[in-house]
Amino acid sequence: MRRTPARFLCAIACLFTTLAVLLGAPAAALAEQTQVHVLAITDFHGHIENGARLAGTIDQERAAYGASTTTLVSAGDNINASYFASSIQRDVPAMDQLKAMGLTVSATGNHEFDNGVADLYDRVIPYFSPVQYVAANLNDVDTTKIPSYTTQVISGKTVAFVGATLESLPSAVNPALLGNITTSSIAKSVDYYAHQLKDGDPSNGEADAVVVLAHEGSDALKGLSPDVDAVVAGHTHVLAEGQTDAGAPIVQADHYGQALATIDLTWDDADNLTVGEKVTQIAKDAPEDATAKSIADAAEAKAREIGAEQVGTIRSNALGDTTLARATGDPSLDQTVAAGNQENRGSESTLGALVATATLDATNDTLGAGTADIGVVNSGGLRNELDTNGDGVITYMEAHDVLPFGNANALVTLTGAQLKELLNQQWQPGNKRPVLWLGLSDNVTYAYKLVTDESGNQRGEVFSVQVNGQEVDDNSTYRVAGNSFLLSGGDNFTAFKLGTGYVETGYIDLDAMVSWLQNHADKVQPAVRRHSVGFANLQRTGNHVSFDVCGLSFTAGETRPIYVHVAVNGVDFGYWPITDTGAVADEDGIKLTPYAGQAHVEMDLTDEQAALFEDSINQVQLLASGDVRLDCTDATYVNFDAMPTPGTPGTGEGERPSEGEEEDTPASTPTPTSDEPPAQASAKPAPRVPNAERVPDTSDATPAGWAGLLAAGGALVAIGIVARRKAK
């Protein structure tokens, strides 16, 4: 049997048609053909909301080709990391839909193992029958459950479907979930069986065509042997068409049921095989299959019922806040995005901090204490506020609406230097969103300087990162937990691609979030301060020093600080008023507020203070968000520093607020008693803070500038915030 390229078949078909017209004979009389049509999907991931249109399109293809000549196959990841309505019902709705569509055989994807081998063997495979999972490159697998290949007789032809899964399966899934299963080379395993099926020996199985179903990206499958007639690829969630080095077509039908691939196998009367292919996006107005729609509708109804269940309660933090929200473009509105404010992915948010903390804790709860060091989430992964109706009760559906994508939770190891580079990548000049702020778990803090790069773009440079109160070492390693999209380099955070030991944990981000809400009720509250702080506009002329401290406020209606107390290198600069400027604009003119909450610090130092200050601010110590002290006034002092608070105020313009009554407050801790500006602060020039026109200003009266300021020296910056407590 000889495989002929599809283009050659088209030329022959045109010739036969022309001859038929000229001779008055039907074309079929000149060339008898046998056809098999393989319809293929991949990475459905339980997205039953797309299932009715996918099934409707499959119905149309079957009607066009003839149902008896058509089979439906998959390249794996049919279930898990799924759409909410399917996920909360253990993907039974997804399996019901795919069986109703007529799915016959599937590669075994990595996500099929998310709940462990026992779940796959004992629950999924029996329920999913007659769908057959296949994988030729799995070792120590139960081949009665997952054989290397299966065959189907269609149109009188035997078509073999040889399966394969990721060679990196043991690192893509929690190894504990795999038991003794390991993987071999896809190419060697597939080629072994493809050769057997084409060697003419009936004793080891024979097939008229070999189609490979591989849960691997199309680019990784080009080296398969000439015994392979066609390849269905998956895993990488892209729409692609290509071919092996031997000329066999490779198709990859995107993900989530958004595309359908077709492989046309055609034999002429001399038994020569020609293979054609196409991949088509499912149309938005595609007809909906009634059975698939009814399954989805029933699942959605059940999801709404389950979604109403309470999974947590929001506690007030020390400032009286309960707002857990995304960052906004206009802090002055005192409202969330859900309430009508602009969305702003370029600033730190209370919701991002909470989700990142939940990611860290849930990973360690599931895989063992100390498995992960840091939790992280991308701002674009947060799609709603956690409590949109403001009742303080968190339902399953509200948690889902925050994390609706069903991303797998994953782990990757970064060095300290890579972690700093990751944080630097939050600034993405030239992109539609020039700043994309990451949410970090509550054990991580960092400091950055605002600079103008060589292209004139505004950006930050991170110079200090601390994990659990310890300065990050560039050569040490840190295990980071987050969603699979981000940890695979999504949103241009390519530093993750430099990491090692990537593994998916076997559960999705929503499951982790819900588990955390239920098991860590004491932590379900907004942070009282941001995990980062910025510095800009350092100037020093003799003993006169000035600089800006920025990025001190959240933006979605949380309590905003009114003063910042700054102690740098042993010099107490006192209290300085905070403004909420610092907006920059994206290319569409939408305001971003990464530096909201800023204070201009300016003071003439004594000779003794000048000697202490030097020119070497290079480390910032920010304590955990629970380190707050309340006094008897309607204000809060949030102390961020580990160094002792200076006992006497600085002699510059920024003094402490006047002292008043104190209540259980250490004598060494400044305790503001008034919401009015400090008396001496009112005498200083108007605060000079970065804004859209002049952020960041890197001008400096000294030759060394920021380079000198950030030189090695081990100095500490101590920061405290005075804020009005939220009215209850």
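Only a predicted model underlies this, so the values are computations on that prediction, with no experimental measurement involved. (Residues numbered from 1 in each chain as written. Predicted model: local features only at pLDDT ≥ 70, side-chain atom pairs only at ≥ 80, totals over all residues. Heavy atoms only, no water.)

Peer 1: I keep staring at the sheet that holds strand 23 (residues 470-471) and nothing clicks. Help me out?
Peer 2: Two pairing modes exist for strands in a sheet, parallel and antiparallel, and in both the strands are linked by backbone hydrogen bonds. Taken in spatial order, the six strands of this open sheet run 23-22-21-26-27-32, and their pairing is mixed. Sheet topology places strand 23 and strand 32 (599-604) at the edges, where each strand pairs with a single neighbour. Against the sheet, helix 12 (residues 416-424) makes contact with strand 21 (444-452) and strand 22 (458-467), and its axis sits at roughly 140° relative to strand 22, the strand it touches most. (Pairing = 2+ DSSP bridges. Helix = DSSP H or I, 4+ residues; strand = E, 2+ residues; numbered from the N terminus. Contact = heavy atoms within 4.5 Å. Axes fitted to C-alpha atoms, helices over the stretch in contact; angles between N-to-C directions.)

Peer 1: Sorry, what's going on with the packing of aromatic side chains here?
Peer 2: A complete count under the given rule lists 10 aromatic pairs for this structure. Judged by centre distance (5.0 Å) and plane angle (85°), the ring pair of Y192 and Y193 falls under edge-to-face. On the accessibility criterion, Y192 (47% relative accessible area) is partly exposed. Relative to W437, the ring of W427 has its centre 5.4 Å away and its plane inclined at 70°; by these criteria the two rings are edge-to-face. Here the residue W427 occupies a position in the loop between helix 12 and strand 20 (438-440), and W437 occupies one in the loop between helix 12 and strand 20, the gap between them amounting to 10 residues. We classify W427 as buried; its relative accessible area is 3%. Through pairs of rings, three or more aromatic residues link up here, namely W427, W437, Y446, Y448 and Y595. Taking NZ or CZ as reference, K99 lies 4.3 Å from the ring centre of Y127, over its face. Between R530 and the ring centre of W437, over which it is positioned, the NZ or CZ distance is 5.5 Å. (Phe/Tyr/Trp six-rings, centres within 6.5 Å; stacked < 30°, edge-to-face > 60°. Buried < 20%, exposed > 50% of the residue type's maximum accessible area, 1.4 Å probe, protein only. Lys NZ or Arg CZ within 6 Å of the ring centre and 35° of its normal.)

Peer 1: Any chance you could explain the pairing of strand 12 (residues 239-243) here in plain terms?
Peer 2: Sheet faces and side chains relate simply in a regular strand, where the side chains alternate between the two faces. Judged from the five bridges that link them, strand 12 and strand 13 (residues 249-253) form a sheet pairing that is antiparallel. Residue pairing in the sheet places L239 in a bridge with A253 of strand 13. The loop that links strand 12 with its antiparallel partner strand 13 comprises five residues; one of these, G247, has a positive phi angle of about 100°.

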